[in-house]
Amino acid sequence: MATDPLLRRKKLRALQFNVWLDGARVRDGLSLIANAIIDSEADVVSLVEVKNLKGDFVERLKRKLKERGVLYYGTFQGNPRKFGLDADTAILSRFPITEESVIYRTRENCIVRSLIDLSSDDDNSTPHILAVYSVHLEYRCYSCYLPRGYNSYSNQFPGWSMIRNGKSRSGWLGTVMFWLETVVMFLARNYRDIEPQPMTDAELIQQDNIESTRPEAIRHLIDDAGTLEENIPIIVMGDFNEPSTLDWTESMSHIAGHNGLVYKWDTTELLDQSGFIDAYRHLYPDPVTHPGFTWPSAAQGPGEREMPKRTNWIKRADERDRLDYIFFKDTKNSGCELKAADAWLVGTPVTLVRDEFVDESKLLFQDKYSYGVGSPWPSDHRAVMTVFETIFGATRQK
């Protein structure tokens, strides 16, 4: 059973968890999600891809957790009958939540914010408020596919298929021509010999990425965070569906399908410029030794077939990326100081590279995983855990 949070007041465990359509894609997914949360002893959880396919997912999950002896606060802020159309993220906390709200929502962007009271009985009723954001951003205009030779499902690069001759296929005529070429190549029986052709034009990639509206969504988060009182620390967790500007560096330019591209991704760059710290990269600054890939993860339910589910979207390129993040921003004045103390990946080390299962724990990477090979896992993403040290009433040294 997880430890009473009041006895661990100086440690705060934050978990980012894409639950992959409520865990519905694997057998007994809800129980597996509950197990992962309990095993991690998370104090605060960001749930992403909440679709309420079988009723209010958050309430179902809280009941499952309570059956295991662990109480969490938090409610789904949308209408559970709309299947995630008005919100698809949620926040759970082992500490009382004083305020919950959806601060931004478009068709595929959702940002939810909760204010959490970390104070306990021995604090003499002094409130210690923590702001937590749960973020899920647009999956289309997935611009990191372009340097891997695949279309990004945008206006200029429609669909998810391979790019032909480095050309975009915008408009209905381009789409028709693409499928005509595909049929001809298939009939010619040389389709399997075709390799994707990378598109590494940084200007086109940025245009494509901005079309996604992910940067616009994160600007709304930054603006909302600016309305909070200065002594409130902030944690931002989510699946951004966009790589990190700290990962696509010169040292990584020929790893994981980057094909020589060094690029500053807009969404994480905006957070960095606004003073938010990427906890995983703060603790593990070298992406070569600690890439922290969260996508794709092999998924498997208990008692299912021997091979895990194939969760990859493309087959002829390495699409591994770190898409799930935990950022934090400390207070400027006295209050609750946050320090990232530890971080690891929650999930199996098995991923897919060019449609083949790969055990990353056998590679040269030094990332830590909380599950072993063959362990049931309910999501196509790995979750991310960060342990924070919280220091109440801290005064900054100049």
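Residues numbered from 1 in each chain as written. Predicted model: local features only at pLDDT ≥ 70, side-chain atom pairs only at ≥ 80, totals over all residues. Heavy atoms only, no water.

## A few points about the environment of Gly347
In this fold, Gly347 is placed in the loop between β10 (335-346) and β11 (350-353). Remark: the alpha-carbon pair of Gly347 and Ser297, spanning 50 residues in sequence, is separated by 7.9 Å. Other than its neighbours up to four places away in sequence, Gly347 contacts Tyr369, Ser370, Tyr371 and Trp377. (Helix = DSSP H or I, 4+ residues; strand = E, 2+ residues; numbered from the N terminus. Contact = heavy atoms within 4.5 Å.)

## Quick word on the pairing of strand β6 (residues 129-136)
Of all eight residues that make up β6, seven are buried, and the element is covered over most of its length. For strand β5 (residues 110-117) and β6, the ladder comprises eight bridges, and the chain directions are antiparallel. For Leu115, the partnering residue across the bridge sits in β6 and is Ala131. Where β6 and strand β7 (residues 234-239) come together, six bridges link them in parallel fashion. Paired with His136 across the bridge in β7 is Asp239. (Buried < 20%, exposed > 50% of the residue type's maximum accessible area, 1.4 Å probe, protein only. Pairing = 2+ DSSP bridges.)

## Concerning helix α4 (residues 202-211)
Ile205, Asp208 and Asn209 are the residues of α4 that are buried. Looking down the long axis of α4, one finds its buried residues gathered within 100 degrees of arc, a one-sided arrangement. Along its buried surface, α4 packs onto α5 (214-225) and α6 (266-273). A distance of 3.0 Å separates the backbone nitrogen of Glu203 from a side-chain oxygen at the start of α4, and that oxygen is part of Asp201. Thr213 sits one or two positions beyond α4 and adopts a positive phi of about 70 degrees. (Arc of directions from axis to C-beta. Polar contact = N/O pair within 3.5 Å; in protein donor to acceptor, adjacent residues only side chain to side chain.)

## Focus: unusual backbone geometry
In this structure, Pro296 follows Trp295 across a cis peptide bond, with omega equal to -10 degrees. Position of Pro296 relative to the elements: it lies in the loop between α7 (279-283) and β9 (324-329). The phi dihedral of Asn52 is positive, around 55 degrees, even though this residue is not glycine. Take Asn52: it is sitting in the loop between β2 (44-48) and α2 (57-67).

## Considerations on the packing of α5 against α6
At a minimum axis distance of 8 Å, the contact between α5 and α6 shows a crossing angle of 20 degrees. Regarding the angle of α5 to α6, the classification is roughly parallel. In this structure, α5 meets α6 at a crossing whose hand is right-handed. Along the contact surface, α5 presents Arg214, Pro215, Ile218, Arg219, Leu221 and Ile222, while α6 presents Asp266, Thr267, Leu270 and Leu271. (Axes fitted to C-alpha atoms, helices over the stretch in contact; angles between N-to-C directions. Parallel < 35°, antiparallel > 145°, perpendicular 65-115°, else oblique. Left-handed = near helix turned anticlockwise from the far one by under 90°.)

## A few points about the side chain of Asp318
One can find Asp318 in the loop between α7 and β9. Classification of Asp318 as buried rests on a relative accessible area of 12%. Here the side chain of Asp318 touches Arg320 through a polar contact of 2.7 Å, side chain to side chain. For Asp318, the residues in contact, after removing those within four places along its chain, are Arg148, Ala256, Gly257, Val353 and Arg354.

## Here's the deal with the pairing of strand β12 (residues 356-359)
Two faces, one strand: in a regular strand the side chains alternate between the faces of the sheet. With four bridges connecting them, β11 and β12 associate as antiparallel partners. Along β12, the bridge assignment pairs Val353 with Glu356. With antiparallel pairing between neighbouring strands as the criterion, β11 and β12 make up a hairpin whose turn holds two residues, including Arg354 at a positive phi of roughly 50 degrees.

## Details of the packing of aromatic side chains
The geometry of two aromatic rings is summed up by the distance between their centres and the angle between their planes. Inspection of the entire model under this criterion finds 18 aromatic pairs. Note on Tyr139 and Trp160: the rings are 6.3 Å apart at their centroids and 20 degrees apart in plane angle, and the pair reads as stacked. Of this pair, Tyr139 sits in the loop between β6 and α3 (171-187) while Trp160 sits in the loop between β6 and α3, placing them 21 residues apart in sequence. Residue Trp160 is classed as partly exposed on the basis of its relative accessible area, which comes to 21%. (Phe/Tyr/Trp six-rings, centres within 6.5 Å; stacked < 30°, edge-to-face > 60°.)

## Remarks on the nonpolar core
With 58 residues, the main nonpolar core has Leu15, Phe17, Ile37, Leu47, Leu61, Ile235 and Phe388 as its most contacted residues. No other element matches the seven residues that β10 contributes to this core. Residue contacts for Ile37: discarding those within four places in its chain leaves Leu15, Phe17, Ala42, Val45, Leu47, Leu61, Leu65 and Tyr72. (Core = buried A, V, L, I, M, F, W, Y, C linked by side-chain atoms within 4.5 Å.)

## Things to note about the pattern of salt bridges
Following the criterion strictly, the structure yields 19 salt bridges and no others. Counted as one network, the salt bridges with shared partners bring together Asp247, Asp278, Arg281 and Arg322. (Salt bridge = Lys/Arg side-chain N within 4 Å of Asp/Glu carboxyl O.)

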